[in-house]
Amino acid sequence: MMALKLKNIVAVLVIAVFASCTKDWLDVTSSSQIKAEDQFKSEAGFKDALLGAYIGMTDKSLYSRDLTWNIVDLLAQQYAALPNTGGSNSGTYSDVQKFNYRTALSMPQVDAMWNKQYNVIANINIELSYIEKNRGVLQSLNYTLIKGELLGMRAFLHFDLLRLYGYGNLSGRQDVAGKLAPPYVTEFTKAMTQQLSYAETFALLNKDITDALELLKQDPAYKEAGRPADYYSGVNGDGFYDKRQQRMNYYAVKALEARVLLWQGGQDNMNKARAAAEEVINNSPARLVTSPASLSRDRVLSAEHLFGLNVTAFIDIVNPFLNANNVTDAGKKNSLYLSQSTAEQIYETSNINIGLADFRYNTLLQSQSAGRVPMKLWQVFSTTDVYNIMPLIRLPEMYYIAAEAYGKSSNTGKAVEYLNTVRRSRGILEDIPLNADQQRVFSELDKEYRKEFISEGQLFFYYKRLGKTTFPNLPSTITANDRIYVLPYPDSEFEFGRVQ
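Residues numbered from 1 in each chain as written. Predicted model: local features only at pLDDT ≥ 70, side-chain atom pairs only at ≥ 80, totals over all residues. Heavy atoms only, no water.

1. Brief notes about the overall build of the protein
Looking only at helices and strands, one finds 19 helices and four strands in the protein. Radius of gyration (C-alpha) of the protein: 22 Å, near the 23 Å computed for a compact globule of 500 residues. A principal-axis box enclosing the C-alpha atoms of the protein has dimensions of 65 × 60 × 50 Å. Within the protein, buried positions represent 58% of all 500 residues. Pairs at least 24 apart in sequence give 72% of the contacts found in the protein among residues at least 6 apart. Working note: accessible area of the protein is about 19,700 Å², and carbon and sulfur atoms make up 51% of it. (Helix = DSSP H or I, 4+ residues; strand = E, 2+ residues; numbered from the N terminus. Rg over C-alpha atoms; globule rule 2.2 N^0.38 Å. Buried < 20%, exposed > 50% of the residue type's maximum accessible area, 1.4 Å probe, protein only. Contact = heavy atoms within 4.5 Å. Areas by Shrake-Rupley, 256 points an atom, 1.4 Å probe, with all protein chains shown as cover.)

What follows is the structure, given as structure tokens:
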């Protein structure tokens, strides 16, 4: 029944929006507007469209594959090199792994992430326009929660476009001030959205986050004393607002705020990012996993999720990539794994109290013939396993953001406390000394990002944000600069004058 409903929601979206899109990411026609009028005549129509936007995010070119564990992790050189023989046995993503973004192989992959991300944003914007126009069909609490989620999603999607196709290391570069950011689209219209400066773009991004947070103070996940037990009974009788960690809830938006502030850089933003991260740490329902025994059925660490997506048939998307046995077979040309030596180096296995004790190494990596395969996303259907979930923001990241901020402010003792808290939860027996200096703190933070975010697509953005000119497994002949870090806009965007 649920599968049927999801198919219907997708069909609604295809009819209402995507039918009007050709090769471009937005093309408004009168027929799409008429169909949208029908879609948003009822509360059920708004709910279906909201769920449809989340489903749009699970496209394989987006968060169920390329924007997380596949392309973005390949850019961070997380995995062993894909075969690149130039023939049919070359890895499908071998060009993009080598930062060759405009080849016949890689160009459609890079362009699809841009185009499909803006397609989802178009869906969100059309619903946001109708949520005001047809507000009368929505119960007040539904209006507040749905609009809050939509604004949070719009900010989330634009921010990842900026992280991928825009510049990093913003606080360390004066030249970016005069450059234009990827378009921040806030309306569903035929008119082209003009590119703005980075400062103007972040103003729009921060406004969406601020507005979303204010609305989502009504979120069931938000800690608010004094609400009666039946506060949500009028809007959640069907369970629509259950499983908040799979939707853009208050703490997901707060965590996004911490990410965005960190990306903007500067000590003031760093302090604000720390405060946002600590609010999530202290108040969100998410908690660090402390029982490795649960990993056999919950490798994705669902208790730590602040935001993730339910991906239909995830097993068919991800499992074929997680097989490093007989990798010379043509069918294994896209296998994602770490060499044994790389895995041992990342997890520091020479120290039994660190590497061999760490469940990220001893349980979430599986030894196969070619190397160690990350099993965090390996899908097993059973009544007891957690499956079909792709994490997009998890709690450890908030600990790392807080640690980085404290380290920057020279409160290295507090930074070490946060890092050790995560390390202990992973089974590591040896603490970082409380008197560790700033250099040691940031070295340990580098290690934690490498250990923690395999299969989640966050490491590349970490390197880019900090402006690292080199990083592990990057060939010595390559300097990590804008050519590596800034993915190119699709050619069609220049042809139609949407970007410059």
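Having seen the structure, we can now continue with the description.
2. Observations regarding the pattern of salt bridges
Tallied over the full model, the rule gives 42 salt bridges. For Asp 59, the salt bridge identified is with Lys 116, shortest N-O distance 3.4 Å. Of the two residues, Asp 59 sits in the loop between helix H3 (43-57) and helix H4 (71-75) while Lys 116 sits in helix H6 (residues 106-133), which places them 57 residues apart along the sequence. Across the pair Arg 65 and Asp 66 runs a salt bridge whose closest N-O atoms are separated by 2.8 Å. We classify Arg 65 as buried; its relative accessible area is 15%. Counted as one network, the salt bridges with shared partners bring together Glu 304, Asp 358, Arg 360, Lys 376, Arg 394, Arg 426, Glu 448, Glu 452 and Glu 456. (Salt bridge = Lys/Arg side-chain N within 4 Å of Asp/Glu carboxyl O.)

3. Digging into H6
The end-to-end C-alpha distance of H6, which contains 28 residues, comes to 41 Å, matching closely the 40 Å that a straight helix rising 1.5 Å per residue would cover. Counting buried positions along H6 gives 22 out of 28 residues, so the element sits mostly inside the fold. (Expected span 1.5 Å × (residues − 1).)

4. Quick notes on the packing of aromatic side chains
In this description, a pair of aromatic rings is defined by centroid distance and the angle of the planes. Evaluated as defined, the whole model comprises 31 aromatic pairs. Here the aromatic rings of Tyr 93 and Phe 321 are separated by 6.5 Å at their centres, their planes lie at 45°, and the arrangement is tilted. With a gap of 228 residues between them, Tyr 93 in the loop between H4 and helix H5 (94-97) and Phe 321 in the loop between helix H11 (314-318) and helix H12 (340-347) connect regions that are remote in the sequence. Joined through ring pairs, the aromatic side chains of Tyr 400, Tyr 449, Phe 453, Phe 460, Phe 461, Tyr 462, Tyr 463, Phe 471 and Tyr 485 make up one cluster. Lying over the aromatic face of Tyr 143, Arg 135 brings its terminal NZ or CZ to 3.7 Å of the ring centre. (Phe/Tyr/Trp six-rings, centres within 6.5 Å; stacked < 30°, edge-to-face > 60°. Lys NZ or Arg CZ within 6 Å of the ring centre and 35° of its normal.)

5. Comments concerning the packing of helix H8 (residues 198-215) against helix H9 (residues 250-264)
For the pair H8 and H9, the least separation of the axes is 9 Å and the interaxial angle reads 155°. Classed by the angle they form, the pair H8 and H9 counts as roughly antiparallel. Read as a crossing pair, H8 and H9 show a hand that is left-handed. Between H8, through Phe 202, Leu 205, Asn 206, Ile 209, Ala 212 and Leu 213, and H9, the contact on the second element is made entirely by Tyr 250, Val 253, Lys 254, Leu 256, Glu 257, Val 260, Trp 263 and Gln 264. Of the residues that constitute the contact of H8 with H9, the class distribution is 10 nonpolar, two polar and two charged. (Axes fitted to C-alpha atoms, helices over the stretch in contact; angles between N-to-C directions. Parallel < 35°, antiparallel > 145°, perpendicular 65-115°, else oblique. Left-handed = near helix turned anticlockwise from the far one by under 90°. Nonpolar A, V, L, I, M, F, W, Y, C, P; charged D, E, K, R; others polar.)

6. So, the environment of Ile 352
Among the structural elements, Ile 352 can be located in the loop between H12 and helix H13 (359-362). Along the backbone, Ile 352 and Met 398 are 46 residues apart, and their C-alpha atoms lie at a distance of 27 Å.

7. Regarding the nonpolar core
Ranked by size, the top nonpolar core spans 154 residues in total, and within it Met 57, Trp 69, Leu 164, Phe 307 and Met 398 carry the most contacts. Among the elements that line this core, the one with the most residues is helix H7 (residues 140-165), at 15 residues. Filtering out sequence-adjacent residues up to four positions away, Leu 164 remains in contact with Leu 67, Val 72, Leu 75, Met 113, Phe 460, Phe 461, Lys 464, Tyr 485, Val 486 and Leu 487. Core analysis: the next-biggest nonpolar cluster, separate from the first, contains five residues, Val 289, Leu 301, Phe 359 and Leu 364 among them. (Core = buried A, V, L, I, M, F, W, Y, C linked by side-chain atoms within 4.5 Å.)

8. Looking at the packing of H9 against helix H10 (residues 267-283)
Packing of H9 against H10 leaves a shortest axis separation of 8 Å and a crossing angle of 155°. Between H9 and H10, the crossing angle belongs to the class labelled roughly antiparallel. Helix-helix and strand crossings are classified by hand; for H9 and H10 the assignment is left-handed. Contacts between H9 and H10 involve Tyr 250, Tyr 251, Lys 254, Ala 255, Glu 257, Ala 258, Leu 261, Leu 262 and Gln 264 from the first element and Asn 269, Met 270, Lys 272, Ala 273, Ala 276, Ala 277, Glu 279, Val 280 and Asn 283 from the second. Residues belonging to the contact of H9 with H10 are distributed by class as follows: 11 nonpolar, three polar and four charged.

9. Regarding unusual backbone geometry
Here Phe 99, not a glycine, exhibits a phi torsion of approximately 65°, which is positive. Summarising the element assignment, Phe 99 is placed in the loop between H5 and H6. Exposure remark for Phe 99: the relative accessible area of 3% places this residue in the buried category. Despite not being glycine, Ser 455 shows a phi value in the positive range, around 80°. Structurally, the position occupied by Ser 455 is in the loop between helix H16 (438-452) and helix H17 (459-466). Owing to a relative accessible area of 3%, Ser 455 belongs among the buried residues under this scheme.

10. Description of the environment of Asn 481
Tracing the backbone shows Asn 481 in the loop between H17 and helix H18 (482-485). Its relative accessible area of 36% is what places Asn 481 among the partly exposed residues. Taking the C-alpha atoms as reference points, Asn 481 and Gly 168, separated by 313 residues in sequence, lie 9.6 Å from one another.

11. A closer look at the confidence of the model for the protein
On average, residues of the protein carry a pLDDT of 92, and 93% of them reach 70 or more. Every residue in residues 1-29 scores below 50 in pLDDT, and together they form 48 contacts with partners more than four places removed in sequence or on other chains. (pLDDT = per-residue confidence, 0-100.)

12. Notes on the side chain of Arg 299
The topology assignment puts Arg 299 in the loop between H10 and strand S1 (305-310). The exposure class assigned to Arg 299 is buried, which follows from its relative accessible area of 12%. At 3.0 Å, the side chain of Arg 299 and the backbone oxygen of Trp 378 are in polar contact. Those residues in contact with Arg 299, other than ones at most four positions away along the chain, are Leu 364, Met 375, Lys 376, Trp 378, Val 380 and Asp 385. (Polar contact = N/O pair within 3.5 Å; in protein donor to acceptor, adjacent residues only side chain to side chain.)

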